[in-house]
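# Residue-level structure breakdown
Listed below are the residues making up each chain.
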Amino acid sequence: MDYIKAYEDHYRNNGRLGAGGGDGKTKVTRWKKAGFVDGMSILDYGCGCGAILEGIEDKSQYLGVDIVSQAIEYARLDYPECTFKVFTPGTLKTPKKQFIGAGSVFTHTARDLVEQSIKDIKQAMNKDSLGIIDILEGDSNNNTIHLAYWNLQEFAELLLSHGIGSVQIDKVKHPNGFTHTYLAIAYDH
Ligand SMILES: C[S@@+](CC[C@H](N)C(=O)[O-])C[C@H]1O[C@@H](n2cnc3c(N)ncnc32)[C@H](O)[C@@H]1O
């Protein structure tokens, strides 16, 4: 399966709401549980159309990256003042960031991209970085592989094996009935 093409089709068929649009304020409440404070430098990994920015006041140190160019086009339309980049998983090179968010990215990504993406996230972290990887349970998409079928503990161990120093798993109930599992991450060694 051409995973990126599947995502492009998904955006084309569903518009900017198709993959993560809207609801930025609720998304930021989860980031705050993982230690995000407005004003931090940010890597928004798998930023989609940049929905999180709706809930962020200080956008000056924000970088959003995604593997699908259509997503970045939507993001640039909504937030022309912010920096966005299209990239290939496993090749990302960014300055270190204080906070790394990966919102619903691992919920539905191809399994063979997972380790590449963890490496990308790790390269943006220094010893003080915090972050969140959140996973929407109860969602599904035939074109993609759903992380809910994985053993979450196994995923946490994979993060640790890549040198991410601490991983805390928690859950929040979403107003629409879905559950967001989130992994608060820190590079603490
Ligand atoms: C459900 S959307 C969420 C968008 C945004 N994070 C949010 O919470 O609004 C998932 C996004 O992750 C991107 N994505 C999927 N797999 C990825 C990967 N392995 N690396 C980076 N981005 C990925 C997709 O292109 C899509 O834009």
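Scope of this entry: the structure provided in the associated data block. All values derive from a computational prediction rather than experimental measurement. (Residues numbered from 1 in each chain as written. Predicted model: local features only at pLDDT ≥ 70, side-chain atom pairs only at ≥ 80, totals over all residues.)

With that settled, the discussion passes to the overall build of the protein chain. Regarding its fold elements, the protein chain presents five helices and seven strands. Helices (α) and strands (β) of the protein chain occur, in sequence order from the N terminus, as α-α-β-β-α-β-β-α-β-α-β-β. A buried classification covers 39% of the 189 residues belonging to the protein chain. (Helix = DSSP H or I, 4+ residues; strand = E, 2+ residues; numbered from the N terminus. Buried ≥ 20, exposed ≤ 12 C-beta atoms within 10 Å, placed from the backbone.)

Let's shift gears to the nonpolar core. Residues Ile100, Ile132 and Ile133 are the most contacted members of the largest nonpolar core, which totals 43 residues. If we ignore the near neighbours within four places in the chain, the residues touching Ile133 are Ala102, Phe106, Tyr182, Leu183 and Ile185. (Core = buried A, V, L, I, M, F, W, Y, C linked by C-beta atoms within 7 Å. Contact = placed C-beta atoms within 7 Å.)

Pairing geometry for strand E2 (residues 62-66) and strand E3 (residues 83-86), over four bridges, is parallel. What sits directly across from Gly64, in E3, is Phe84. A crossover links E2 with its parallel partner E3, the connecting element being helix H3 (residues 69-78), and its sense is right-handed. (Pairing = 2+ DSSP bridges. Right-handed = clockwise from strand over helix to strand, strands pointing away.)

Turning our attention to unusual backbone geometry. In the Ramachandran plot, Ser104 falls in the positive-phi region, its phi being about 60 degrees despite a non-glycine side chain. Within the secondary structure, Ser104 is located in the loop between strand E4 (99-103) and helix H4 (114-123).

Tracing the sequence through the fold places Glu54 in the loop between strand E1 (42-45) and E2. A tally of 16 C-beta atoms within 10 Å means that Glu54 is categorised as partly exposed. Placed 26 residues apart in sequence, Glu54 and Val28 show a C-alpha to C-alpha distance of 8.8 Å.

Looking now at helix H2 (residues 24-33). Of all the residues in H2, the buried ones are Lys27, Val28, Arg30 and Trp31. Buried positions in H2, seen along its axis, are confined to an arc of 155 degrees and lie on one side of it. Exposed and facing more than 90 degrees away from the buried side of H2 are Lys25, Thr29 and Lys32. Downstream of H2 by one or two residues, Gly35 has phi in the positive range, about 105 degrees. (Arc of directions from axis to C-beta.)

The element E2 is extensively covered by neighbouring structure, given that four of its five residues are classed as buried. Relative to E2, E1 is paired through four bridges, and the arrangement is parallel. Residue pairing across strands places Leu43 opposite Leu63, the latter belonging to E2.

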